[in-house]
Amino acid sequence: MKRFAVLTSGGDAPGMNAAILAVVKVAAFRGIEVLGVRRGYDGLLDGDLRLLTREVSGTSRLAPLSEVEDNANDGGTILGSSRCQRFFDPEHRKHACRQLMDHGAEGLIAIGGNGTMAGAHTLAPECPQVTVVGIPASIDNDIGATASALGVDTALNTIIEACDRISDTARSHRRAFIVEVMGRRSGYLAVASAAAAAADAVLLPEENRTDEEIISSVENIIRDSFATDRQKSRVLIIKAEGVTISATNLVDAVDDRLEGNLDIDLRATVLGHVVRGGRPTYHDRMIAGRLALGAVNALADGADDCMVTWNTTTLGGDSTDDPRVHRFPLETVIAEGKALLDGSSDVTQRRISRMKTVQGVLAL
Ligand code: F6P
């Protein structure tokens, strides 16, 4: 392989820039040129591609452009991203394939979440001249077959840091807080951060509870926590974004029930996009490097229509030189991702049952 393209698509995730640099460095070391696609699949359709490698003058060696090196440890993505609607249209995808071929790309590395992998899986058979490999990146950790994705560890560290700060002020005033964290369809960030933040409860979309059940459970936790024989100094409840009742409506509804009974101040903080930004942690930089190496090796081996995984959660897949990194067909990744979100996956079932066991302990 002489040249391939790389893009980032969907929600950005800390570690994407580290992965781009690692992809470019590994490729340059092997004498392969790398084209960067701006703005994900949108940029691919518009032919917005440029080289991220340059020839080192006076030699036949390749090196990364300085902008790729200089921003490797920043959050976001230097290539830009998009959620591209046009890519659902086969006519547009034909154009994307033509753009790759016109630019001399023999392969494509797509870095992103479920939507990105679905786009890559649709493109792969329609564009046989170009092999396609995915690198999982999404703070939501809702991608099939991989135990983690770029950005998850950084997002969790951001959440616990924010919860610690909120707890400082909450304790000073003996307040209760509902803290909403990102996760449109997956409660992973809420579950995974709850114990580390010493939260008193966690609210997840996967539990499929009605608004009424959620309101009563929050009311009960607050009553128990501030009861005279318990006297907690603060209550912290982590709510996943995907739980349909909004944090402010939940606070209003619980406030109405508590009124007159307890002198309690209940507040809501929505962390929102704060959770998605920031410089990647050691763990995200480390997996960025190892997944990037796995992805470039996959392209060089002629692998197609697959994604590299970190500590796989599913049986199967092809092993690589790195015991933590496997290659899975994108078809399996997508099917497993759907099962993760609709609750039918063993991984989701285990998370929910672990959470049910832990709920009582958190509330102590
Ligand atoms: O990246 C995934 C995610 O962070 C979801 O948790 C969140 O709901 C969504 O992206 C927000 O995306 P956008 O910034 O496009 O509104």
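Residues numbered from 1 in each chain as written. Predicted model: local features only at pLDDT ≥ 70, side-chain atom pairs only at ≥ 80, totals over all residues. Heavy atoms only, no water.

Section: the site of the ligand
At step 1: For the ligand, the full set of nearby residues is Gly11, Arg83, Ile139, Asp140, Met182, Gly183, Arg184, Glu241, His273 and Arg276.
At step 2: Measuring from an oxygen atom of the ligand, one finds a side-chain N or O atom of His273 at 2.7 Å.
At step 3: Contact distances for the ligand include 2.9 Å between an oxygen atom and a side-chain N or O atom of Arg276.
At step 4: Bound to the protein, the ligand loses 79% of the 400 Å² it would expose on its own.
At step 5: Its atoms largely coinciding with the cavity grid, the ligand occupies the largest pocket.
At step 6: Residue classes in the shell around the ligand are distributed as two nonpolar, three polar and five charged.
At step 7: Three or more residues apiece are contributed to the shell around the ligand by two domains, here domain 1 (3–151 + 280–342) and domain 2 (152–276). (Near = heavy atom within 4 Å. Polar contact = N/O pair within 3.5 Å; in protein donor to acceptor, adjacent residues only side chain to side chain. Areas by Shrake-Rupley, 256 points an atom, 1.4 Å probe, with all protein chains shown as cover. 1 Å grid on protein atoms, 1.4 Å probe; cavity = no way out; pocket = protein on both sides within 12 Å on 5 of 7 lines; lining within 4 Å. Sits in = over half its atoms within 2 Å of the grid points. Nonpolar A, V, L, I, M, F, W, Y, C, P; charged D, E, K, R; others polar. Domains from an automatic or database assignment.)

A look at the side chain of Arg175
At step 1: In this structure, Arg175 sits in strand β9 (residues 175–181).
At step 2: Those residues in contact with Arg175, other than ones at most four positions away along the chain, are Ala170, Phe226, Ser233, Arg234, Val235, Asp265 and Arg267. (Helix = DSSP H or I, 4+ residues; strand = E, 2+ residues; numbered from the N terminus. Contact = heavy atoms within 4.5 Å.)

What about the pattern of salt bridges?
At step 1: According to the stated counting rule, one finds 23 salt bridges in the structure shown.
At step 2: Two residues, Asp42 and Arg86, come together in a salt bridge whose shortest N-O distance is 2.8 Å. Taken together, the positions of Asp42 in helix α2 (residues 40–45) and Arg86 in the loop between α3 (66–70) and α4 (90–102) put the pair 44 residues apart, joining distant regions of the chain.
At step 3: Taking relative accessible area as the criterion, Asp42 reaches 17% and is therefore assigned buried.
At step 4: On the basis of relative accessible area, Arg86 is assigned to the partly exposed category, the value being 30%.
At step 5: Put simply, Arg327 and Asp301 hold a salt bridge, and the shortest N to O gap is 2.7 Å. With a gap of 26 residues between them, Arg327 in strand β15 (residues 325–329) and Asp301 in the loop between α10 (282–300) and β13 (306–312) connect regions that are remote in the sequence.
At step 6: Overall, the relative accessible area of 54% leaves Asp301 in the exposed class.
At step 7: Here the salt bridges share partners, and the residues they tie into one network are Arg39, Asp42, Asp46, Asp48 and Arg86. (Salt bridge = Lys/Arg side-chain N within 4 Å of Asp/Glu carboxyl O. Buried < 20%, exposed > 50% of the residue type's maximum accessible area, 1.4 Å probe, protein only.)

Some points on the pairing of β13
Looking down a regular strand, the side chains alternate between one sheet face and the other.
At step 1: Within β13, five of the seven residues are buried, which leaves the element mostly enclosed by the surrounding structure.
At step 2: Two strands pair when backbone bridges link them, and strand β7 (residues 131–136) and β13 are joined in this way by two bridges, in the parallel orientation. Within β13, the residue paired with Gly134 across the bridge is Met307.
At step 3: Strand direction decides the pairing type here: strand β8 (residues 146–148) and β13, joined by two bridges, are antiparallel. (Pairing = 2+ DSSP bridges.)

As for unusual backbone geometry
At step 1: The residue Ala198 is not glycine, and still its phi comes out positive at about 55°.
At step 2: Within the element layout of this structure, Ala198 appears in the loop between α7 (188–194) and β10 (201–203).
At step 3: The class of Ala198 is partly exposed, set by a relative accessible area of 44%.
At step 4: With phi around 55°, Asp305 is a residue other than glycine that occupies positive phi space.
At step 5: Here Asp305 shows up in the loop between α10 and β13.

Let's talk about the nonpolar core
At step 1: Grouped together as the largest cluster of nonpolar side chains are 123 residues, with contacts concentrated most on Ile109, Ile111, Ile135 and Ile222.
At step 2: Counting residues per element, this core draws most heavily on helix α1 (residues 16–29), which supplies 10 residues.
At step 3: Lining this core are residues from two domains, each supplying at least three of them: domain 1 (3–151 + 280–342) and domain 2 (152–276). (Core = buried A, V, L, I, M, F, W, Y, C linked by side-chain atoms within 4.5 Å.)

Here we look at the domain arrangement of the protein chain
At step 1: We note that the domain assignment places domain 1 (3–151 + 280–342) and domain 2 (152–276) within the protein chain.
At step 2: If you average the C-alpha positions of domain 1 and of domain 2, the two centres end up 35 Å apart.
At step 3: Counting residues at the interface gives 18 residues for domain 1, matched by 14 residues for domain 2.
At step 4: Around 1,400 Å² of area is buried between domain 1 and domain 2 when both sides are counted, 51% of it from carbon and sulfur atoms. (Buried area = accessible area lost by both parts, 1.4 Å probe.)

Structural notes on the packing of α4 against helix α5 (residues 114–126)
At step 1: The N-to-C vectors of α4 and α5 enclose an angle of 70°; their axes lie 10 Å apart at closest approach. By the angle between their axes, α4 is roughly perpendicular relative to α5. Residue-level inspection shows Arg93, Cys97 and Leu100 of α4 in contact with α5, the latter providing Thr122, Leu123 and Glu126.
At step 2: When the residues that make up the contact of α4 with α5 are grouped by side-chain class, the tally is three nonpolar, one polar and two charged. (Axes fitted to C-alpha atoms, helices over the stretch in contact; angles between N-to-C directions. Parallel < 35°, antiparallel > 145°, perpendicular 65-115°, else oblique.)

Thoughts on the layout of surface pockets
At step 1: One number sums up the size of the largest pocket: a volume of about 1,000 Å³.
At step 2: Around the largest pocket, the lining is made up of 38 residues, and of these Arg83, Asn114, Gly115, Thr116 and Arg184 lie nearest the centre.
At step 3: Looking at the lining of the largest pocket, the elements with two or more residues in it are α5 and α11 (330–342).
At step 4: A per-element tally of the lining of the largest pocket places α5 first, with seven residues.
At step 5: Residue composition of the lining of the largest pocket, grouped by class: 12 nonpolar, 15 polar and 11 charged.
At step 6: Taken domain by domain, the lining of the largest pocket gets at least three of its residues from each of domain 1 (3–151 + 280–342) and domain 2 (152–276). (Points joined across faces, edges and corners; volume = space filled by probe spheres on them.)

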